[in-house]
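Residue-level listing of the chains:
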Amino acid sequence: MKCKGKETVHQLFGTRVAVLAGDFMFAQPSWYLANLENLGVIKLISEVIKDFASGEIKKASSLFDCDVELDEYSLRSY
């Protein structure tokens, strides 16, 4: 599988490195936002991380479930 005609990180380096790279790409901007020392921003990024993780868990729990309606899938993916 290629992404935009190029091999993916997963293909080139394996699952472990791909997951760690994704974690880093998510953590780095979170760290910069937290350093703004703005409680509202910190609360917002925390909620985004929570919603993101929750959506990924819901999406993974219905892998290969062909009975999932498009509306339901869209809610899980958002």
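Before reading further, recall that the structure is shown in the block above.
Reading the values: the criteria
- Residues numbered from 1 in each chain as written.
- Predicted model: local features only at pLDDT ≥ 70, side-chain atom pairs only at ≥ 80, totals over all residues.
- Heavy atoms only, no water.
- Helix = DSSP H or I, 4+ residues; strand = E, 2+ residues; numbered from the N terminus.
- Rg over C-alpha atoms; globule rule 2.2 N^0.38 Å.
- Buried < 20%, exposed > 50% of the residue type's maximum accessible area, 1.4 Å probe, protein only.
- Areas by Shrake-Rupley, 256 points an atom, 1.4 Å probe, with all protein chains shown as cover.
- Lys, Arg positive; Asp, Glu negative; His and termini not counted.
- Charge placed at Lys NZ, Arg CZ, Asp CG, Glu CD.
- Expected span 1.5 Å × (residues − 1).
- Polar contact = N/O pair within 3.5 Å; in protein donor to acceptor, adjacent residues only side chain to side chain.
- Patch = residues over 30% accessible without salt bridge, like charges linked within 9 Å, V, L, I, M, F, W, Y side chains within 5 Å.
- Salt bridge = Lys/Arg side-chain N within 4 Å of Asp/Glu carboxyl O.

Trainee: For this particular structure, what's the right way to read the overall build of the protein?
Mentor: Across its full length, the protein carries four helices and two strands. When the elements of the protein are put in sequence order from the N terminus, they spell out β-β-α-α-α-α. Its C-alpha radius of gyration of 16 Å places the protein more than 25% over the 12 Å reference for a compact globule of 78 residues. Here the C-alpha coordinates of the protein stretch approximately 45 × 35 × 20 Å along the principal axes. For the protein, buried positions account for 8% of its 78 residues. Just so you have it, the protein exposes about 7000 Å², and 64% of that area is on carbon and sulfur atoms. Across the protein, the centroid of the 9 positively charged side chains sits 8 Å from that of the 11 negatively charged ones.

Trainee: Looking at this structure, how should I read the environment of Val19?
Mentor: With respect to the element layout, Val19 can be found in helix H2 (residues 15-34). Judged by its relative accessible area of 44%, Val19 falls in the partly exposed class.

Trainee: How should helix H3 (residues 39-61) be read in this particular structure?
Mentor: Each turn of an α-helix holds 3.6 residues, which means side chains three or four residues apart point in the same direction. Here H3 spans 33 Å end to end across 23 residues, near enough to the 33 Å set by a 1.5 Å rise per residue. The opening residue of H3 is Asn38, an N-cap whose side-chain oxygen sits 2.9 Å from the backbone nitrogen of Gly40.

Trainee: Whenever I open this one, a nonpolar patch on the surface confuses me. Can you help?
Mentor: On the surface, Phe26, Leu44, Val48, Ile49 and Phe52 cluster together to form a nonpolar patch covering roughly 430 Å² of accessible area. Judged by its relative accessible area of 46%, Phe52 is partly exposed.

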